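Coordinates in review
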Amino acid sequence: MKTFAFPGIIEDDILSIAAGQIPYMRTGWFSGLMLENERMLLEAIGCRGGRVMFFTASGTAAMEAVVQNYVAAQGKAFIIDGGSFGHRWVELCNYHGVENRAMQVPFAKDIDYDRLDNEVGQYRPAVFLVQHHETSSGQLFDLKRISAICRKYSVSLVVDVISSFLAQELDMDGLGIDVAVTSSQKGLNVPPGAALVFLSERALEREFAHSNYYLDFQDNLKNLERGQTPFSPATTIFMQIHERMRRNLEIGIDNVIARTREKALYFRSLCRENGWEMPSETPANAITGFFVHRNADVMCTELQKKGVFIMPCGRPGYFRVSHMGADTRDDLKELAGMIREIELM
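Figured I'd write up the structure that's included with this text.

How each quantity is defined
Residues numbered from 1 in each chain as written. Predicted model: local features only at pLDDT ≥ 70, side-chain atom pairs only at ≥ 80, totals over all residues. Heavy atoms only, no water. Core = buried A, V, L, I, M, F, W, Y, C linked by side-chain atoms within 4.5 Å. Buried < 20%, exposed > 50% of the residue type's maximum accessible area, 1.4 Å probe, protein only. Contact = heavy atoms within 4.5 Å. Helix = DSSP H or I, 4+ residues; strand = E, 2+ residues; numbered from the N terminus. Expected span 1.5 Å × (residues − 1). Arc of directions from axis to C-beta. Pairing = 2+ DSSP bridges. Right-handed = clockwise from strand over helix to strand, strands pointing away. Axes fitted to C-alpha atoms, helices over the stretch in contact; angles between N-to-C directions.

Judged by nonpolar contacts, the single largest core of 88 residues is most densely connected at Leu-116, Phe-128 and Ile-146. Sequence-distant contacts of Leu-116, defined by excluding residues within four places in its chain, comprise Phe-78, Ile-80, Met-103, Ile-111, Phe-128, Ile-146 and Ile-149. Membership of the second largest hydrophobic core comes to 21 residues, among which are Tyr-266, Phe-319, Ile-339 and Ile-342.

Structure, rendered in structure tokens:
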């Protein structure tokens, strides 16, 4: 099987970590592993003096934890609603009764940053919620420009980096990001099941609300002091994250990102050769989104018959290919050939 959906192709030796007997987590050994995970992750995202909370959950749980614990305690939120994941911030704020205003951004388009400046200046939110990369479309938003606006109006910046961490350059401290969220099945390229919340040193000084038992920040931070989580963790996934991050730091984070970027650029050259439209104004490294000409309704089914997976989207004829994972140029060339073959059926 070859998968170009998240988390991408995972090396056999990392997969095998989850194939053995599961170690008991309430041990000094596991505490040490988790604290080492935190150290490596903070280094990779440029968050000196911060903390990383580990949840056995999906990325959406990390988003919800931020809304309940952090956003609700700060005040009203301004949200970039640029796709299905940006809209999730809106849904979460509405569900939990957090006052918010959303700025709609058309599919695969960049933000109008002058308009954004005006709207934030008028609304004066306490918190700004945004995706770095809107995974549903492939559009990358400009965090430097967003950060400048947040600093101008003294707004706390919260960023979903679920599909940009380890795929795009990220420096939480340099960008003034207070809170970031990610999950295990994207750039970390291990199975789904773990969600991570990064808190900057500045965010740690703020008050948190206490309206969720499992996702409570204060309880999780207290347990983190001893390298533990309050409740049973997905032990083997955190062991896989440890091995992944050890390798990433050995290779160098810049080189990890460069490898993802190179695969993205190569696959996009194949898309152009086949005349597949790529609508994103500023495409991210993590995925390539493209429209096929024919047989879109059977594309995923026919590829699965060949043991290959790509990601559909809510728009007819639109598909996404992940560039995270252990695939190669040859794999991407073979994939493009299969897609073209199905188009011509």
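As a further point, take helix H4 (residues 84-95). Structural remark: α-helix, 3.6 residues per turn; residues separated by three or four positions point the same way. With 12 residues, H4 should cover 16 Å at 1.5 Å per step; its first-to-last C-alpha distance of 16 Å lies within 8% of that length. Of all the positions in H4, only Gly-86, Trp-89, Val-90, Leu-92 and Cys-93 are classed as buried. All buried residues of H4 fall inside an arc of 165 degrees around its axis, so they share one side. On its buried side, H4 packs onto helix H3 (59-74), strand S3 (77-81), strand S4 (100-104), strand S5 (127-131), strand S6 (133-134) and strand S8 (156-160). Within two residues after H4, Gly-97 carries a phi angle of roughly 70 degrees, on the positive side.

Right, let's get into the pairing of S4. Summarising the sheet, S3 and S4 pair through five bridges and their orientation is parallel. Bridge pairing links Asp-81 to Gln-104 in S4. Handedness of the crossover joining S3 and S4 through H4 is recorded here as right-handed.

To continue, consider the sheet that holds strand S10 (residues 194-199). Spatially, seven strands are ordered S2-S10-S9-S8-S5-S3-S4 in an open sheet, and the strand pairing comes out mixed. Looking at strand neighbours, the two that pair on one side only are strand S2 (51-56) and S4, the edges of this open sheet. Neighbour to neighbour, the strand axes of the sheet diverge by 20 degrees on average, direction disregarded. Of the strand pairs in this sheet, strand S9 (residues 177-183) and S10 are connected by five bridges, and their pairing is antiparallel. Considered in S10, the bridge of Val-181 is made with Val-197. Across the sheet, H3 lies against S3, S5, S8, S9 and S10, angled at about 160 degrees from S9, the strand it touches most. Contacting S2 and S10, helix H10 (residues 235-251) crosses the sheet at an angle of about 60 degrees to S10.

Purely geometric numbers; function is a separate question.
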